[in-house]
Each structure stands twice: as C-alpha cells, then as structure tokens.
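# Per-entry structural report
Listed below, chain by chain, are the residues.
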Amino acid sequence: EVDEFMEVTLQQADIAILDQNIQFDKTCFYGTALSMQLLEAGFAGLVCIRSANTSDEDIAAYKSCGAHCIIDKSVPVGSMVQQLEKAYLSHTSVHQASGSSVTAT
C-alpha cells in the first residue's frame, strides 16, 4: 500500500498529507521518511505532516525532512483546509517564481 501511495502521489498529486506515524499491517512508516523519499523522487507539490506531536522540536524535525507545512491533529477540518490552501498557494507561488511546475486541480 505504501509503494502504491508513493507512485500515485508522484504521478498525480499536488498535495501529500502524511501522518508522522503510519501503520500498515504490522509495519510502521514515518511521514518524515516518506516526505524525503517523495522529494528525492522529484515531487514538486506541497508536503504536509499532520501530527499530534507539534512541539517546536517536532516542527523543526519535520521541516528538516522537507515538510512544507505541519498541521496539528487537533485542528478542526475546516481550519486544516484553510491552512492547506494558504500553504499550497504560498508553495506554488515560490515554485512558479523559480520555474518549477506545480499544477492546481
């Protein structure tokens, strides 16, 4: 399932929202590791980590792994959507200025 997610994200997504602790079957994956893999594979979209752990240290760790935005799990869905929209628009404007392509859908 993780390989399929990564492939589809690279081919079709503009935004990747990753939990920091992802459990598939009996294997735990980290959103930070997946975000680094996406970026190394050329993903130009917005990478967001959604986590219950959002201390200053946690946020710094997520950002050091390439996350563009971090959203606390306690944030209501409506607020989360607004934060994602703001981060996405900021991210796309930076990439458009640098010549990278990110397509809004």
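Computed from a predicted structure; not experimentally measured.

At a minimum axis distance of 11 Å, the contact between helix H1 (residues 2–12) and helix H2 (residues 31–40) shows a crossing angle of 40 degrees. Here H1 is positioned oblique relative to H2, judged by the angle of their axes. In this structure, H1 crosses over H2, and the sense of that crossing is right-handed. For the pair H1 and H2, contact is made by Val 2, Met 6, Thr 9 and Leu 10 and by Leu 34, Gln 37 and Leu 38, respectively. Tallied by class, residues from the contact of H1 with H2 come to five nonpolar, two polar and no charged.

Turning to its location among the elements, Ser 55 is positioned in the loop between strand S4 (46–51) and helix H3 (56–64). C-alpha separation for the pair Ser 55 and Asp 72, spaced 17 residues apart in sequence, amounts to 9.8 Å. Only 3.0 Å separates the side chain of Ser 55 from the side chain of Asp 58, close enough to count as a polar contact.

Within the protein, residue pLDDT values average 88, and 89% of them lie at 70 or more. Below a pLDDT of 50 lies the segment residues 100–105, which in the model reaches 14 contacts outside its immediate sequence neighbourhood of four places, other chains included.

Let us now look at the pattern of salt bridges. Tallied over the full model, the rule gives one salt bridge. With a shortest N-O distance of 2.5 Å, Lys 73 and Asp 19 are connected by a salt bridge. With Lys 73 in the loop between strand S5 (69–72) and helix H4 (77–98) and Asp 19 in strand S1 (residues 15–19), this residue pair connects regions lying 54 residues apart in the sequence. A relative accessible area of 39% places Lys 73 in the partly exposed class.

Thresholds applied
Residues numbered from 1 in each chain as written. Predicted model: local features only at pLDDT ≥ 70, side-chain atom pairs only at ≥ 80, totals over all residues. Heavy atoms only, no water. Axes fitted to C-alpha atoms, helices over the stretch in contact; angles between N-to-C directions. Helix = DSSP H or I, 4+ residues; strand = E, 2+ residues; numbered from the N terminus. Parallel < 35°, antiparallel > 145°, perpendicular 65-115°, else oblique. Left-handed = near helix turned anticlockwise from the far one by under 90°. Contact = heavy atoms within 4.5 Å. Nonpolar A, V, L, I, M, F, W, Y, C, P; charged D, E, K, R; others polar. Polar contact = N/O pair within 3.5 Å; in protein donor to acceptor, adjacent residues only side chain to side chain. pLDDT = per-residue confidence, 0-100. Salt bridge = Lys/Arg side-chain N within 4 Å of Asp/Glu carboxyl O. Buried < 20%, exposed > 50% of the residue type's maximum accessible area, 1.4 Å probe, protein only.

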